[in-house]
Every structure is written in structure tokens, then in C-alpha cells.
2 protein chains.
Amino acid sequence: MQARINFERLRHDIETLATVGRQEDLGLYRMAFSDGDWAAREWLKDRINAAGLELYVDGAVNIHARLGWDGKRPGVMTGSHLDTVPGGGHLDGALGVLAGLECLRSIKEQNLRTRLPLEAVAFTDEEGRFGGMLGSLAMCGRLTPESLHSARDLDGITLAAAMQERGLDVAQVLRANRTPDSIEAFVELHIEQGPVLDRRGIGLGVVEAITGLFKWNVILIGRADHAGTTPMDMRRDALQGLAEFSGEIPRILEENGGARSRATIGRVTCFPGASNVVPERVECAFECRDTDETTLAELARAFRRTLSSIARRRDLMFEFEIVSEIAPVKCDSSVVQTIDELAREAKVDTLRMPSGAAHDTQNMAGLTRAGMIFVPSKEGRSHSPAEWTAWEDIEIGANLLLNTLCRLAS
Amino acid sequence: MQARINFERLRHDIETLATVGRQEDLGLYRMAFSDGDWAAREWLKDRINAAGLELYVDGAVNIHARLGWDGKRPGVMTGSHLDTVPGGGHLDGALGVLAGLECLRSIKEQNLRTRLPLEAVAFTDEEGRFGGMLGSLAMCGRLTPESLHSARDLDGITLAAAMQERGLDVAQVLRANRTPDSIEAFVELHIEQGPVLDRRGIGLGVVEAITGLFKWNVILIGRADHAGTTPMDMRRDALQGLAEFSGEIPRILEENGGARSRATIGRVTCFPGASNVVPERVECAFECRDTDETTLAELARAFRRTLSSIARRRDLMFEFEIVSEIAPVKCDSSVVQTIDELAREAKVDTLRMPSGAAHDTQNMAGLTRAGMIFVPSKEGRSHSPAEWTAWEDIEIGANLLLNTLCRLAS
């Protein structure tokens with residue numbers, strides 16, 4: 001017989017937090033260090049205190065609820081984030097924080113015995129007002145004084161200024177760094193933010209890996225010609241080259257990738273961009289993701305080869321800038337197995353799957369054994385007020401998180 | 001033995017006019033009613049007076065040089081325009097006006113006998129500050145008081161205000177209308193503005209038709225999805241639909257069009273346009289041209305069919321707005337034949353070809369028998385300071401214009 005959380009209390013917390021930072025129909029505005037974020041933090045601290053859990057805030061302003069903490073034994077940690085994108089939904093991040101809090105409350109209340117202490121964390125700035133995953137990067141020791149001092153948001157406000165306004169010192173962020181031996185394992189409960197579980201009617205995802213990616217700015221350069229006077233066979237049309245590349249994406253993924261490979265052109269800009277001029281230059285934002293580092297490297301080679309051959313054949317010049325590269329991260333196989341076993345015991349169907357989105361877990365995986373549990377996102381919607389997960393799925397996910405934490409701490 | 005113009009005088013005129021409205025390396029700025037345009041007009045009027053030709057300015061401010069005009073017999077007319085696009089070249093329009101002036105000067109000077117009077121015209125606003133081909137549309141009676149009063153440039157300045165600033169009354173524009181029986185024929189000498197003659201090493205083009213066109217704003221609508229979390233087979237990617245359409249353009253032209261068909265996507269815009277979001281909506285500026293009205297209609301049907309089938313197969317919505325439709329115009333076969341015969345007599349190779357760009361001739365063809373002579377554009381460059389035609393080609397073209405005018409007026 002597995003332990004169970006107090007679901008009505010969790011539901012009430014989720015519904016309450018969903019009102020903090022809301023701008024009516026536009027969704028939630030809890031960007032890091034904004035008034036909405038700050039109100040959510042104050043509310044969470046009150047809830048931690050009210051539950052009789054130990055409250056701890058580290059130098060990166062990550063908020064910890066602790067149970068049985070003695071500073072000697074490593075803790076089993078769960079967590080996610082309170083901040084949202086502008087116009088975000090009520091579950092992305094919030095679910096993991098509140099389910100973590102509920103797990104610790106239930107363990108304390110029901111007096112469930114664990115060998116190790118427990119921590120439920122709300123990480124700072126996961127969504128990236130100042131670059132993304134600030135709190136978990138700080139905890140994992142992956143920030144430098146330089147990166148902290150150069151961090152600024154889209155309006156040019158520095159992280160240092162935003163923290164100072166809240167009476168905080170940016171230099172303290174580095175002190176949030178934890179040693180590997182202070183954490184036994186890390187598990188994050190999160191909504192999928194994709195359509196797979198919903199479409200397949202499966203209530204739980206067990207994340208095996210978080211996809212890595214490369215983002216390129218691809219540029220093809222031909223010649224601007226008059227669209228009326230230039231015969232088709234005398235053109236060097238940069239957009240036609242890009243269209244051909246776009247058409248090759250499925251083949252390249254099939255030949256060089258797998259079912260978890262994704263490639264997307266999200267933006268195209270034509271120059272000069274007049275209806276009666278053959279495009280001289282096109283720029284596009286291209287990104288490709290996979291959970292396997294070797295596959296990702298092979299995909300990069302294949303895309304480059306195809307671009308180069310299209311450019312040669314069409315007499316175009318071809319340039320690309322690497323905008324970013326993030327290596328894939330594997331979840332810990334023992335944690336994955338624990339989650340899967342407990343789900344089977346609870347007679348819940350699961351799907352082993354990748355996470356296509358980035359999460360704090362990918363940093364934590366460098367520090368400790370880490371895993372993730374996904375619940376379905378209705379129609380895959382996220383980063384929008386349309387974000388939704390059925391309450392039954394939330395209850396099942398939160399109960400699985402509870403039993404996973406107990407097992408890992410036992 | 002054919003008649004010959006005074007080439008050195010024409011070259012001197014072209015070189016002089018090329019300095020009027022020049023902004024150093026940026027090219028010519030003689031947009032209609034601008035200071036550059038006005039300086040060019042004053043200079044031209046002086047040249048007409050100096051040549052002892054009759055000067056006439058109609059209500060649309062078209063400037064006429066006349067020889068033997070008696071208001072009874074129809075005239076043989078040639079002409080083009082003095083205005084330029086911003087940053088234009090020295091030959092687009094100017095060549096036809098100055099060669100026309102030179103032809104009339106030579107006919108007068110050499111006392112070449114013609115049965116009919118002659119007119120060389122500089123048309124107002126061919127390039128479209130206020131919509132395009134204002135002067136020839138007025139001459140052909142294709143303007144209305146409403147269209148004149150609503151005409152404004154990209155800065156919001158109305159045609160009426162621009163004319164008033166020059167002491168002119170927009171209401172007079174309609175009075176430029178000519179009756180068909182006042183014009184015997186019309187011939188325009190122009191640079192090709194395309195690469196065909198230059199690439200094929202042929203010195204003269206005889207225009208058979210001016211292409212018509214349709215311009216569409218094509219919109220494909222799919223669904224915005226997270227580029228990391230959404231598997232390739234669960235996407236409704238609007239940009240992939242557009243790329244497929246772009247790839248089908250050559251096939252559709254081959255199956256439904258001919259060597260004179262052109263189709264171009266000049267601009268693409270993606271929404272939301274973020275690198276990590278599958279494009280929900282793409283809009284593109286699409287245009288298609290052909291010299292044959294039936295072919296153009298068949299191409300429109302074929303493109304619509306393909307768009308619709310791509311949209312259906314990819315589960316996209318598909319809309320299109322017709323931005324403009326212009327019917328193709330045939331040149332008069334007797335004028336085309338006259339030009340060709342005279343070229344053969346002069347032992348000059350010609351190519352019968354379409355005009356892919358719009359010209360005043362397409363309006364004049366509705367009023368009288370009309371034809372066009374093209375000289376090569378180096379590398380097809382036009383609407384740019386790089387616009388160039390070899391002086392030998394200009395001389396051959398101007399001499400052919402002279403003999404064509406004489407033959408048509410004989």
C-alpha cells in the first residue's frame with residue numbers, strides 16, 4: 001500500500017498560486033524578481049512556515065522547505081520554479097514546487113519514516129529573464145562572477161540591479177553552490193509541455209533524458225533580380241534554396257536521427273523582401289534537438305552537408321552562425337527505474353520518454369542522481385493561459401513523487 | 001541606306017541628365033515632383049526649345065516635343081519617363097526620352113520627310129511615387145477624379161499637394177486624355193532591365209508583349225508548438241507547407257506555363273517567429289507573370305490547387321488575398337514587324353521577347369498601335385546605380401528608333 005498526499009490541499013495551493021501575478025485573460029506574469037514573482041515567494045514562505053517545515057533561502061534566492069535537515073546527511077531533493085514566462089500558465093514550474101511542498105507536509109503529518117532528510121526547492125529564474133535556470137546553475141556551481149555581472153534582461157536591466165532592488169546582493173548567488181555529497185538524489189515533477197502523453201492517453205511520463213540542441217542562424221546569399229524580367233533559369237534565388245533545405249529536414253532526420261530527433265525552422269527573413277524582387281539573402285533560425293550526443297553531432301554534419309550541397313548546386317553562398325549548443329543530459333537509470341517500479345505498483349501506465357524542453361533537472365543531473373516525472377499537458381499547450389492538466393493526472397503524479405522521494409530517502 | 005542620329009549629341013545629353021538629381025554613389029533621386037524630377041524637366045524643356053521643336057506640356061505635366069504638329073493629322077509618338085526610383089540608374093526612362101528628342105532633332109535637322117507629325121514625350125510618374133504610370137494613364141483616359149484625389153505617396157503626401165506645391169492643379173490631369181485618332185502609333189525605346197539580351201549576346205530586343213501578373217498575399221495557418229517537445233509527426237508547421245509550395249513552383253510553371261512564365265516568392269514572414277516555436281502562421285508575397293492571359297489564368301488555378309492540396313494534406317488553413325492583377329498586353333504586330341524589318345535591313349540581330357517589367361507602352365497599347373525596342377542591360381542590373389548599357393548598343397537602338405518613327409510616319 002503506497003502513501004498518499006492530501007490532494008485537496010495541493011489543489012487548493014495550485015488554485016491559490018494561480019491567482020498570484022495574473023493579468024486577467026493574459027495569463028501569469030511572474031518573471032523572476034518581478035512583483036508577481038515576489039508575491040509568489042512570500043506566499044510560499046508563509047506556506048512552508050505554516051506547515052512547520054524548516055525554511056531556508058540560499059544566496060541565489062532559491063527557497064527551500066526542509067524536513068529532518070541536519071547539515072550532515074545528504075538530502076533527497078525535489079523542486080521546480082515559481083517564475084513564469086510573460087503570459088504563462090498555472091502549472092509550468094508551480095506544479096513541481098507545490099507538489100514537493102505537499103510531499104514534505106504529508107511525510108511530516110503522516111509521520112512516514114525516511115532515513116535521509118528531504119528538501120523541496122523553488123529555483124530562481126528558470127524561465128530566463130536573466131538567461132535561464134539561474135538558481136539550479138548556482139546550486140551546481142556553474143556560474144562565474146563575470147556571467148552574473150553581465151546578466152541583463154531584454155530591457156537592459158542588470159541582474160545585479162534587479163536583486164539590489166529587492167535588497168539582495170548578486171555576489172551572494174555563488175554561495176548557493178552545493179557539494180555533491182550534500183544531495184542524495186533529485187526528482188522533478190513537471191507538466192510535459194508537449195502533446196505525446198495526451199495524444200497517447202498515457203497518464204505519466206518517466207523522463208529518460210533531456211534533449212540537447214544546437215541553434216544556428218543559417219544564411220543563404222544569392223542575387224537580387226527583377227521578378228518580372230529575370231527568367232527562372234537565370235536566377236540565384238536564396239529563398240528557393242532555403243525552401244529546398246526545409247524540404248530535406250524529414251529525410252535528414254530519418255537517415256541520421258531517430259524518433260526523438262526534432263528540427264525546426266522557426267523564423268525566416270528575406271532581403272530585400274519586396275514582392276517583385278528575387279530574394280538575394282535569406283536568414284533563418286534553425287534548431288535541432290536529440291537526446292543522444294553522437295546522434296546530435298551526426299545530424300549537425302548532415303544538415304551542414306545538405307546546406308552546402310544546395311548552395312553549391314544553386315550557386316548561392318552559405319554561412320551559418322552557431323547561436324547555442326547544449327549537450328543532452330541522461331537521467332539516472334536507478335532513479336528512472338525506481339519511478340517506473342513505483343508506478344507499476346500503483347498500477348499506473350507510464351511512457352519512458354525524453355524531455356524536449358529544458359528544465360532545472362538537467363543541471364542537477366551534473367551534481368547528483370536525477371530524474372523527472374511528467375504529467376500530460378492537454379493538447380501539448382504550455383507557456384500560455386491554455387496550459388492544462390487534468391486534476392486526476394496531477395493527483396497521480398504527485399502521489400508518485402511522494403513515493404519516489406520516500407523510496408530514495410529510505 | 002538608313003537615317004542616323006547624331007550619336008555624340010545623344011551621348012552628351014544622357015551624360016548631362018545623369019548628373020541631375022544624383023546623390024553621389026547612391027544613384028539618382030528623381031521621384032515624380034521632387035526637386036530632381038523638376039530640374040530634369042526644366043533642363044529637358046530648354047533642350048526642346050534649343051532644338052527649335054514645339055514644346056507642349058499637357059494637364060498631366062507630360063512634356064511633349066513636337067515636330068510638324070498641326071492638331072489635325074495624327075502624330076507618331078515615342079516616349080518614356082524622366083523620373084526614377086530612389087537610387088535609380090541613368091538609363092531607365094531617360095534613354096527613351098532623350099533618344100526620342102534626338103530622333104526629332106535629327107529628322108528636323110536632316111530634313112527627313114514624313115507624312116505625319118511626330119511627338120516625343122516624357123511621361124509623368126512612371127515609377128510610381130503616386131501609384132505608377134500616371135502620365136500615360138491620364139493620356140489614355142484611365143484615371144478618375146476619385147483615383148487622383150486619393151493618390152498619395154509612402155509619406156502620406158497627396159498627389160494634389162505635390163502638384164499644388166509646383167503651382168499645378170490635380171484636376172487638370174484628366175485633360176491630358178488623348179483621342180485614339182490623334183495618335184498613329186507609339187514606340188518606346190527602353191533598357192531591358194533583365195539579363196536575357198546580355199547573356200545571349202544579342203544587341204536588340206523587339207518586344208512582342210508586356211507580361212501581365214497577379215500578386216497574392218498567401219497565408220498558411222497551422223499551430224504553434226514547442227519545437228523541443230512536439231514530435232515531427234504531431235506538428236502542423238505552416239512554414240513547412242510554404243516550403244513545399246515553393247518547391248512546387250518549377251513543376252507548376254513547366255506543366256501549366258511556358259518559357260515566359262515567372263513566379264516568385266519575394267517575402268516570407270513567420271509568426272510567432274521564435275526559434276523554438278513551430279511556425280503557426282506564414283504570410284508570403286507571391287507573384288506570377290506571363291504574356292498570355294489564358295496561361296496566366298491557368299497558372300493561377302494551378303497554384304491555387306497546389307496550395308489547397310498542400311494545406312489539406314498538412315492540416316493547415318489556407319487563405320489568399322489578391323493584391324493586384326494586371327492583364328498582359330500584346331504589342332501591335334505591324335509595329336513589331338516594322339521594327340524587325342528595319343533591324344534586318346541594318347543587319348542587327350534581334351530577339352523577339354516579352355517585357356517582364358511594366359512600361360508606359362502597356363497603357364498606350366490600349367489607345368494606339370504600340371511597340372517597344374529593348375537594348376541590353378549589363379548583367380540585367382536596373383533600379384540601381386549599376387545600371388549600364390554599352391554606348392554601341394544605345395547607338396544601334398536609337399538609330400532603329402529613328403528609322404521606325406520615320407517608317408511609321410511615312
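One can find the structure itself at the top, above this paragraph.
Residues numbered from 1 in each chain as written. Chains lettered and ligands numbered in written order. Predicted model: local features only at pLDDT ≥ 70, side-chain atom pairs only at ≥ 80, totals over all residues. Heavy atoms only, no water.

Undergrad: Quick question: what am I supposed to make of the packing of helix α8 (residues 238–256) of chain B against helix α9 (residues 293–313) of chain B here?
TA: Think of two packed helices as two axes; the pair is described by the angle between the axes and how far apart they sit. Residues and elements named next belong to chain B. For the pair α8 and α9, the least separation of the axes is 10 Å and the interaxial angle reads 145°. α8 and α9 meet at a crossing whose hand is right-handed. Contacts from G241, E244, F245, E248, I249, R251, I252, L253 and N256 in α8 reach T295, E298, L299, A302, F303, R305, T306, L307, I310 and R313 in α9. Among the residues forming the contact of α8 with α9, the class breakdown is nine nonpolar, four polar and six charged. (Axes fitted to C-alpha atoms, helices over the stretch in contact; angles between N-to-C directions. Helix = DSSP H or I, 4+ residues; strand = E, 2+ residues; numbered from the N terminus. Left-handed = near helix turned anticlockwise from the far one by under 90°. Contact = heavy atoms within 4.5 Å. Nonpolar A, V, L, I, M, F, W, Y, C, P; charged D, E, K, R; others polar.)

Undergrad: What is the right way to read empty space enclosed by the protein from this model?
TA: In this approach, a probe sized like a water molecule rolls over the atoms, and the result shows the empty space that is left. Within this structure, the stated rule accounts for six cavities of 30 Å³ or more. By volume, the largest cavity is sized at about 90 Å³. What lines the largest cavity is A:L239, A:L242, A:A243, A:S246, A:V268, B:L239, B:L242, B:A243, B:S246, B:I265 and B:V268. Considering only residue class, the lining of the largest cavity consists of nine nonpolar, two polar and no charged. (1 Å grid on protein atoms, 1.4 Å probe; cavity = no way out; pocket = protein on both sides within 12 Å on 5 of 7 lines; lining within 4 Å. Points joined across faces, edges and corners; volume = space filled by probe spheres on them.)

Undergrad: Explain the pattern of salt bridges here, please?
TA: Any two side chains of opposite charge can pair if their charged atoms end up close together. Residues and elements named next belong to chain A. Counting across every chain of the model gives 60 salt bridges over all chains. Two residues, R314 and E244, come together in a salt bridge whose shortest N-O distance is 2.7 Å. With R314 in the loop between α9 (293–313) and β12 (317–326) and E244 in helix α8 (residues 238–256), the pair connects residues that are 70 residues apart, well separated along the chain. Of the residues examined, R314 reaches a relative accessible area of 30% and is grouped as partly exposed. Take E244: its relative accessible area is 18%, and that puts it in the buried class. The salt bridge involving R289 is made with E287; its shortest N-O contact spans 2.7 Å. A residue is classified by how much of its surface remains accessible, and E287, at 0% relative accessible area, is buried. Connected through shared salt-bridge partners, R9, D13, R47, E102, R105 and E109 make up one network. (Salt bridge = Lys/Arg side-chain N within 4 Å of Asp/Glu carboxyl O. Buried < 20%, exposed > 50% of the residue type's maximum accessible area, 1.4 Å probe, protein only.)

Undergrad: Help me out: how do you make sense of the side chain of B:T211 in this one?
TA: Residues and elements named next belong to chain B. Tracing the backbone shows T211 in the loop between β6 (204–210) and β7 (212–221). Residue classification places T211 among the buried residues on the basis of a relative accessible area of 6%. Of the polar contacts made by the side chain of T211, one reaches the backbone oxygen of G356; its length is 3.3 Å. (Polar contact = N/O pair within 3.5 Å; in protein donor to acceptor, adjacent residues only side chain to side chain.)

Undergrad: Just to check I follow, could you spell out the side chain of B:R178 for this structure?
TA: All names here are of chain B. Checked against the element boundaries, R178 lands in the loop between α6 (159–165) and β5 (183–191). Among the residues examined, R178 registers a relative accessible area of 11% and is labelled buried. In terms of polar contacts, R178 uses its side chain to reach the side chain of E119, at 2.6 Å. Contact partners of R178, with chain neighbours within four places excluded, come to H64, R66, W69, M77, E119, M139, I183 and L367.

Undergrad: What exactly am I supposed to notice about α9(A) here?
TA: Given 3.6 residues to a turn, an α-helix orients residues that are three or four positions apart in the same direction. All names here are of chain A. The terminal C-alpha atoms of α9, which comprises 21 residues, lie 30 Å apart, in line with the 30 Å expected from a rise of 1.5 Å per residue. T295, L296, L299, A300, A302, F303, T306, L307, I310 and A311 are the residues of α9 that are buried. In this fold, the buried residues of α9 make contact with β7 (212–221), α8, β9 (262–271), β11 (281–290) and β12. N-cap assignment for α9: the residue whose side-chain oxygen lies 3.2 Å from the backbone N of T294 is D292. Just downstream of α9, D315 is the residue with a positive phi angle, here 60°. (Expected span 1.5 Å × (residues − 1).)

Undergrad: What is the right way to read the packing of helix α1 (residues 7–17) of chain B against helix α12 (residues 391–409) of chain B from this model?
TA: All names here are of chain B. Contact geometry for α1 and α12: axes closest at 11 Å, N-to-C directions at 115°. The interaxial crossing formed by α1 with α12 has right-handed handedness. Between α1, through F7, L10, R11, I14 and E15, and α12, the contact on the second element is made entirely by W391, I394, E395 and A398. When grouped by side-chain class, the residues that make up the contact of α1 with α12 number six nonpolar, no polar and three charged.

Undergrad: Explanation requested: the sheet that holds strand β12 (residues 317–326) of chain B in the structure shown.
TA: One key point about sheets: their strands pair by backbone hydrogen bonds, in either a parallel or an antiparallel sense. Residues and elements named next belong to chain B. One open sheet holds the four strands; their spatial order is β9-β11-β7-β12, and the pairing between them is antiparallel. Since the sheet does not close on itself, it has two edges, and those belong to β9 (262–271) and β12, each with one partner. Going across the sheet, the axis of each strand differs from the next one's by a mean of 15°, ignoring polarity. With ten bridges connecting them, β7 and strand β11 (residues 281–290) associate as antiparallel partners. (Pairing = 2+ DSSP bridges.)

Undergrad: Any chance you could explain the interface of chain B and chain A here in plain terms?
TA: Much of the literature gives interface size as the accessible area that the parts lose upon coming together. Chain B puts 47 residues into the contact, and the matching count from chain A is 47 residues. Between the two partners, chain B and chain A, sit two salt bridges. In this structure, the salt-bridge partner of A:R381 is B:D225, at a minimum N-O distance of 2.7 Å. At the level of secondary structure, the elements contributing two or more residues to the side of chain B that touches chain A comprise α7 (196–200), β8 (225–226), α8, β9, β10 (277–278) and β11 of chain B. Per-element accounting of the side of chain B that touches chain A gives the leading share, eight residues, to β9(B). Split into classes, the residues belonging to the side of chain B that touches chain A amount to 21 nonpolar, 15 polar and eleven charged.

Undergrad: Can you walk me through the relation of the copies chain B and chain A in this structure?
TA: Between the two copies of the chain lies a rotation about an axis combined with a shift along it. When chain B is fitted to chain A, the best match, at an RMSD of 0.1 Å, comes from turning it 180° and sliding it 0.0 Å along the axis. The transformation just described matches what one would write down for a two-fold rotation axis. By C-alpha distance to the rotation axis, the residue of chain B lying nearest is B:A243, at 2.2 Å. When the interface residues of chain B are mapped onto chain A, 100% of them are again interface residues, pointing to one common binding face. (Least-squares fit on C-alpha atoms with pLDDT ≥ 70 in both.)

Undergrad: It is not clear to me how α8(B) should be interpreted in this structure. Could you clarify?
TA: Helix length check: α8(B), at 19 residues, gives a terminal C-alpha distance of 25 Å against a target of 27 Å (1.5 Å per residue), a fit within 8%. The N-cap residue of α8(B) is B:D237: its side-chain oxygen and the backbone nitrogen of B:L239 are 2.9 Å apart.

Undergrad: When you look at the packing of aromatic side chains in this model, what are you seeing that I'm missing?
TA: Here the distance between the centres and the angle between the planes together describe a pair of aromatic rings. All names here are of chain A. Applying the stated criterion across every chain yields a total of 26 aromatic pairs over all chains. Ring centres 5.9 Å apart and planes at 10° place the aromatic pair F318 and F320 in the stacked group. Under the relative-accessibility criterion, F318 is labelled partly exposed at 23%. Pairwise contacts between aromatic rings join F214, W216, F245, F286, F303, F318 and F320 into one cluster. The ring of W69 has R66 sitting right over it, with the charged end atom 4.0 Å from the ring centre. (Phe/Tyr/Trp six-rings, centres within 6.5 Å; stacked < 30°, edge-to-face > 60°. Lys NZ or Arg CZ within 6 Å of the ring centre and 35° of its normal.)

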